[in-house]
Amino acid sequence: MTVTEVSAETAAQPNAEPEGDGAPTAAPERVFDEVLLEISGVSLSFGGVVALSDVSFDICKGEIRAIIGPNGAGKSSMLNVINGFYHPQQGTITYKGNVRKKMRPHRAAAEGIARTFQNIALFRGMSTLDNIMTGRLLKMRRGLLWQALYWGPARDEEIVHREFAEHIIDFLEIEAIRKTVVGQLPYGLQKRVELGRALAAEPELLLLDEPMAGMNVEEKEDMSRFIIDVNDEFGTTIALIEHDMSIVMDLSDRVVVLDYGRKIADGTPDQVRANPAVIEAYLGVGHG
Amino acid sequence: MEFISFLNLVFVAPFVDMVSFPIFFAEVVIAGVLTGIMYSLVALGFVLIFKASGVFNFAQGAMVLFAALTLVGLMELGVPVLAALLGAVAVMTVLAFAVERFMLRHLINQDDIILFMATIGLTFLIQGFGEMVWGSNVKALDIGIPSESFEVGGILLNEFDLFAAGSGAVLVAVLAVFFHYTRIGRALRAVADDHQAAMAVGIPLKTIWVTVWSVAGFVGLVAGIMWGAKSGVQFSLSLIALKALPVLILGGFTSVPGAIVGGLIIGVGEKIAEIYWGPLVGGAIENWFAYMLALVFLLFRPQGLFGERIIERV
Amino acid sequence: MLYRETGQFKISYAADQSVFPIAQDRWFIAAALAFAFLVVPWIANEYMLQAVLIPLLIFSMAAIGLNLLVGYAGQLSLGTGGFMAVGAYMTYKLTTAFPDLNIIVAFLLAGLVAAGVGLVFGIPSLRIKGFYLAVATLASQFFLLWLFNKVAWFYNYNSSGTITAPPREMFGVVVTGPTATAEVRYTVALSIVVVFAIIAKNLVRGRIGRSWMAVRDMDIAAEIIGIRPFQTKLMAFAISSFYCGVAGAMLVFLWLGSAETEAFSINESFNVLFMVIIGGLGSILGSFLGAAFIVGLPIFLTNAPQWFGAAMPIDLQKHIEIMLFGSMIIFFLIVEPHGLARLWQITKQKLRLWPFPY
């Protein structure tokens, strides 16, 4: 039962590491050699508008991979391709060693890819707890008849998953808003609930689309800590889009830089920082 | 043997009928076209509102009824035709103000389904109010359009029907000009494109909504006059107006030409189906044929004939 | 002071997840049920049962069904009447073809047929986002009524074209048909509605209900966490149609006794939709309150003027009724989409604090 193993760790986590600042975790000695997801030669266009052209990079198991670039560089499109929402016209995506066919997002979810959105995409009419429980839906098996009775196996199942959801609520420190309808929550908390929903699915690959957009410094620090903890404790691979460069450089193991739909740099934060093409993209043309 | 004769009845005999009696067939088609124009007029009002305010206006049918009832009611009070027409237009404008003030304004940012259901409520409100003020019995509407019948090449035509077709065409042309060449038309298209962006460049959203609901009311009045003069003004008008929905599925919800072509297809299609295939199954298939046609159509071209494919964003 | 949860601590998730977490609520519901089952049949007169309580129960059943679809899965249906007709005509066919079949079983089988018909109309329309289901259900509404009108097989080729509930017994008591007493029909209807209300509540608070609400609130996000929107909406529609089908069967067999297709016209579809909106979108309790309101208002309007010694012409009363429904729909959608059910919750919330305002 992975459920109980994971939960025991999570429950202990917030107290076990009081300094919690996180920055040292992304230390250079981390080594990743198992490729989880490989993107090669992906091109995507809508009508005449080219969103991505011939992009290739890989994401290794266990790393925090940042995707950066100026506005309109194709970062969100890239995430949409990874979780099956857009279908690239060219190129292949290999996930866990299998070349992926054209698929719908729910297949990607079933294979362990979860994500959060740039503009929060929570279920506004449902409570925090229910939102997080939706992350467990794929793991719940009881059929219509048991559900109708809400008794025996269906109820036991509900309780097992409720326990898991409660551990995530503990981990993200949102106990107090457990039963609040999320539409009424402030922005920062909504972002946190959205992360919780993605975590509830116990993903192997977690895609975060600007998890810290519009947050103040304190909220950003909290969110950074959560991301590092998730990566550390659950071993979740994370692909992250973020505009705040200092955070990207601190958090990520490797960075890929997109501009106008093309890849212009790929490497460790230090390599990327020194890359003239990146400096050009960010400073030269005056966007971003 | 029975199976063969069944195939014959369904797939051969109706077409043989059409070819052997071309004049009758032509009359059926013309009758269909004229009904289709009515559907188009109702669908047009619907498209206007949907484009400019994103509201799926179920009440368009009730507005047709209400406009026609108002006109008849005023005329019964002894108001001359022209003044009664102006009066009806004025009443529809007041209605548009009321809808914006008491309904739309409070429902900004609500889910589409909530707005849709609100217009169902509006339908009943308008209906109840109209019938309370003007009574619920069938009223004859005569605004002095001639209705002599005459023959062209053996086909029986009616002056009134031609007049209806003509005014439908004129109305569409006027609306097209209004949309493309006037300042307010441009603003309407901007609002349809993106509410927030339009507001940001200083287009007053509320004025736009009132305008578009007034125009839809005016279109409703024209549709109501046509229907009413043909079959009297009564409650059933608003049920017939429900057929605008399948028309829109065919034409695409945002397309003015779509509303017109869709209306014609539905009008002609259901007439032909009723006359040539209806007797096989006991008749009265006009009630549902349009909806079923739309449903089948959905399987093949969900965005409609003239609608655009939507790129979803996250 | 009596309505207070102080001292009631929940020590298991099971307790926290129960439908009525507060003890006083549980007592209240138990008392209400006991009253409805044990006391009402003895004290209510024929008029009360036949004109108020039985239709209230039947329309509650239909409203629960429609609420699962509209309030939980966020899809609009205008064809409730048509699916009720399927339930009624199928029960008629089943019970006349197999007279020994238990009538409740016939209701359920007819409900399944209604669910199947729902699938047929849902498949083309639910694949696409938007209001296509509304149009598809209009198609079903007009087509099904036409079918039951024109095809004599459905009413066993009788000359009047009506279906009539034959006498059927359960446990030696006549449940349907002209000889069934109002008390018996009331009790049967109440039992069915209570069971299916509980089932509905169970569905919406578990996995299935969450996936419905997820699709309702944001279908793209739902798909990205692994929900298949089409299948989820289709399932909601099938289950909703099942409830409506059973309600339609009850309408003929436990209430009217006989009916033509006219009893299932599009006006019934709108009426049930109004019950859902006024009662509260996404609330099982609200379905009952909405049904009570829509069934009760015409009765009130008929009787109220007499209490003041004034007479109201019938057509004026009808117009006022229509206007009231229309404006209440708009009012509730603007002010409180969760309808009467939400007002009830607010009252309870106030009651918890009473008599101290803070």
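Here's what I pulled together on the structure shown here. (Residues numbered from 1 in each chain as written. Chains lettered and ligands numbered in written order. Predicted model: local features only at pLDDT ≥ 70, side-chain atom pairs only at ≥ 80, totals over all residues. Heavy atoms only, no water.)

1. Description of the overall build of chain C
Then, in step 1: In terms of helices and strands, chain C carries 14 helices and four strands.
Then, in step 2: Each principal axis of the C-alpha distribution contributes one length, and for chain C these read about 70 × 60 × 45 Å.
Then, in step 3: A buried classification covers 58% of the 358 residues belonging to chain C.
Then, in step 4: Per element, the accessible surface of chain C, about 14,800 Å² overall, is 69% carbon and sulfur.
Then, in step 5: Here chain C carries 21 positive and 16 negative side-chain charges, and the mean point of each set is 10 Å from the other. (Helix = DSSP H or I, 4+ residues; strand = E, 2+ residues; numbered from the N terminus. Buried < 20%, exposed > 50% of the residue type's maximum accessible area, 1.4 Å probe, protein only. Areas by Shrake-Rupley, 256 points an atom, 1.4 Å probe, with all protein chains shown as cover. Lys, Arg positive; Asp, Glu negative; His and termini not counted. Charge placed at Lys NZ, Arg CZ, Asp CG, Glu CD.)

2. Considering the overall build of chain B
Then, in step 1: Counting secondary structure elements, chain B contains 13 helices and two strands.
Then, in step 2: Here chain B has a C-alpha radius of gyration of 21 Å; the compact-globule value for 314 residues is 20 Å, and the two agree.
Then, in step 3: Across its three principal directions, the C-alpha atoms of chain B cover 70 × 60 × 35 Å.
Then, in step 4: The buried share of chain B, reckoned over its 314 residues, is 51%.
Then, in step 5: Across chain B, every contact between residues at least 6 apart in sequence was considered, and the portion connecting residues at least 24 apart equals 74%.
Then, in step 6: If you sum the accessible surface of chain B, you get close to 14,100 Å²; carbon and sulfur atoms cover 68% of it.
Then, in step 7: Seen as two clouds, the 14 positive and the 20 negative side-chain charges of chain B have centres 15 Å apart. (Rg over C-alpha atoms; globule rule 2.2 N^0.38 Å. Contact = heavy atoms within 4.5 Å.)

3. Some words on the interface of chain B and chain C
Then, in step 1: Contact with chain B, which involves 45 residues of that partner, is made by 41 residues of chain C.
Then, in step 2: Here chain B packs against chain C, burying approximately 3,900 Å² in sum over the two surfaces, 84% of which is carbon and sulfur.
Then, in step 3: Ranking the residues of chain B by area buried against chain C places M117, F124 and W288 of chain B at the top, with a combined share of 16%.
Then, in step 4: Linking chain B with chain C are zero salt bridges, by the criterion used here. (Buried area = accessible area lost by both parts, 1.4 Å probe. Salt bridge = Lys/Arg side-chain N within 4 Å of Asp/Glu carboxyl O.)

4. A closer look at a nonpolar patch on the surface
Then, in step 1: Among the surface-exposed residues, F3, F6, L7, F11, V12 and V16 of chain B lie close enough to one another that they form a single nonpolar patch of about 600 Å² accessible area.
Then, in step 2: Turning to its location among the elements, V12 of chain B is positioned in helix α1 (residues 2–20). (Patch = residues over 30% accessible without salt bridge, like charges linked within 9 Å, V, L, I, M, F, W, Y side chains within 5 Å.)

5. A few points about the sheet that holds strand β1 (residues 35–46) of chain A
All names here are of chain A.
Then, in step 1: The antiparallel open sheet is built from four strands, whose spatial order is β2-β1-β4-β5. Edge positions in the open sheet fall to β2 (49–60) and β5 (98–99), since each of these has one partner strand only.
Then, in step 2: The pairing of β1 with β2 spans eight bridges and is antiparallel. By the bridge assignment for β2, V35 is matched with C60. (Pairing = 2+ DSSP bridges.)

6. Describing the nonpolar core
Then, in step 1: Within the largest apolar cluster, 255 residues are counted, with the highest numbers of intra-cluster contacts made by M78 and I82 of chain A, M117, I120 and W213 of chain B together with W212 and M250 of chain C.
Then, in step 2: Of all the elements, helix α10 (residues 229–256) of chain C adds the most residues to this core, at 17 residues.
Then, in step 3: Ignoring anything within four residues of it in the chain, the contact list for M117 of chain B reads V70, L76, L273, I277, L281, I329 and L333 of chain C.
Then, in step 4: Counting 35 residues, the second-largest nonpolar core is a separate cluster that includes F164, I168, A200 and L240 of chain A. (Core = buried A, V, L, I, M, F, W, Y, C linked by side-chain atoms within 4.5 Å.)

7. A closer look at the interface of chain C and chain A
Then, in step 1: Contact residues are listed per partner, giving 29 residues for chain C and 38 residues for chain A.
Then, in step 2: Summing the contributions of chain C and of chain A, the shared interface buries around 3,000 Å²; its carbon and sulfur component is 64%.
Then, in step 3: Ranking the residues of chain C by area buried against chain A places R207, R210 and I224 of chain C at the top, with a combined share of 26%.
Then, in step 4: Connecting chain C to chain A are three salt bridges.

8. Concerning the side chain of T128 of chain A
Residue and element names in this part refer to chain A.
Then, in step 1: Within the secondary structure layout, T128 lies in helix α4 (residues 128–134).
Then, in step 2: Judged by its relative accessible area of 0%, T128 falls in the buried class.
Then, in step 3: Side-chain polar atoms of T128 contact the backbone oxygen of I177, separated by 2.9 Å.
Then, in step 4: Apart from the residues within four sequence positions on either side, T128 is in contact with I174, I177, R178, T180, V182, L185 and V193. (Polar contact = N/O pair within 3.5 Å; in protein donor to acceptor, adjacent residues only side chain to side chain.)

9. Describing the pairing of strand β10 (residues 262–267) of chain A
Then, in step 1: Relative to β10 of chain A, strand β9 (residues 254–259) of chain A runs antiparallel, the two being bridged by five bridges. In the sheet register, V255 of chain A faces β10 of chain A, and the bridge partner there is G267 of chain A.

10. A few points about unusual backbone geometry
Excluding glycine, most residues fall at negative phi; most peptide bonds, likewise, are trans.
Residues and elements named next belong to chain A.
Then, in step 1: Even without being a glycine, D54 presents a positive backbone phi close to 50°.
Then, in step 2: With respect to the secondary-structure elements, D54 resides in strand β2.
Then, in step 3: On the basis of relative accessibility, which here comes to 55%, the residue D54 falls in the exposed class.
Then, in step 4: The backbone of K96 sits at a positive phi, close to 50°, despite the residue not being glycine.
Then, in step 5: On the secondary structure map, K96 appears in the loop between β4 (90–95) and β5.
Then, in step 6: K96 sits in the partly exposed class, given a relative accessible area of 40%.

11. Describing the pairing of β4 of chain A
Residues and elements named next belong to chain A.
Then, in step 1: Both β1 and β4 contribute to a ladder of five bridges, which runs antiparallel. For S40, the partnering residue across the bridge sits in β4 and is T92.
Then, in step 2: Of the pairings in the sheet, the one linking β4 to β5 comprises two bridges and is antiparallel in character. The partner of Y95 across the bridge, within β5, is N98.
Then, in step 3: Linking β4 back to β5 in an antiparallel pair, the connection comprises two residues, with K96 at a positive phi of about 50°.

12. Observations regarding the pattern of salt bridges
Then, in step 1: The final tally for this structure, using the stated rule, is 27 salt bridges over all chains.
Then, in step 2: A salt bridge links R107 of chain A to E111 of chain A, with the nearest nitrogen and oxygen atoms 3.3 Å apart.
Then, in step 3: With a relative accessible area of 41%, R107 of chain A lands in the partly exposed category.
Then, in step 4: Owing to a relative accessible area of 28%, E111 of chain A belongs among the partly exposed residues under this scheme.
Then, in step 5: K243 of chain B serves as the salt-bridge partner of E270 of chain B, at 3.5 Å between the closest nitrogen and oxygen. On the criterion of sequence distance, the pair formed by E270 of chain B in helix α12 (residues 256–277) and K243 of chain B in the loop between α10 (236–240) and α11 (244–251) is long-range, its members being 27 residues apart.
Then, in step 6: Assessed through its relative accessible area of 10%, K243 of chain B is described here as buried.

13. Some thoughts on helix α8 (residues 217–234) of chain A
Residue and element names in this part refer to chain A.
Then, in step 1: Taking 1.5 Å of rise per residue, the 18 residues of α8 would be expected to cover 26 Å, and the 25 Å separating its terminal C-alpha atoms lies within 8% of that figure.
Then, in step 2: For α8, every residue scored as buried is listed here: K220, M223, S224, R225, F226, I227, I228, D229, V230 and N231.
Then, in step 3: Positive phi shows up at G235, right after α8, with a value of about 70°. (Expected span 1.5 Å × (residues − 1).)

14. Side note on the environment of L119 of chain C
All names here are of chain C.
Then, in step 1: Here L119 is to be found in helix α5 (residues 103–126).
Then, in step 2: For L119, a relative accessible area of 33% translates into the label partly exposed.
Then, in step 3: Contacts of L119, omitting those with residues within four sequence positions, involve L234 and A238.

15. Section: the packing of helix α4 (residues 81–102) of chain B against helix α9 (residues 205–231) of chain B
Residues and elements named next belong to chain B.
Then, in step 1: At a minimum axis distance of 8 Å, the contact between α4 and α9 shows a crossing angle of 140°. With respect to α9, the axis of α4 lies oblique. Here α4 and α9 pass one another in a crossing that is right-handed. Along its contact with α4, which presents L85, A88, V89, M92, T93, A96, F97, V99 and E100, the element α9 presents K206, W209, V210, W213, S214, G217, F218, L221 and I225.
Then, in step 2: For the contact of α4 with α9, the per-class residue count stands at 13 nonpolar, three polar and two charged. (Axes fitted to C-alpha atoms, helices over the stretch in contact; angles between N-to-C directions. Parallel < 35°, antiparallel > 145°, perpendicular 65-115°, else oblique. Left-handed = near helix turned anticlockwise from the far one by under 90°. Nonpolar A, V, L, I, M, F, W, Y, C, P; charged D, E, K, R; others polar.)

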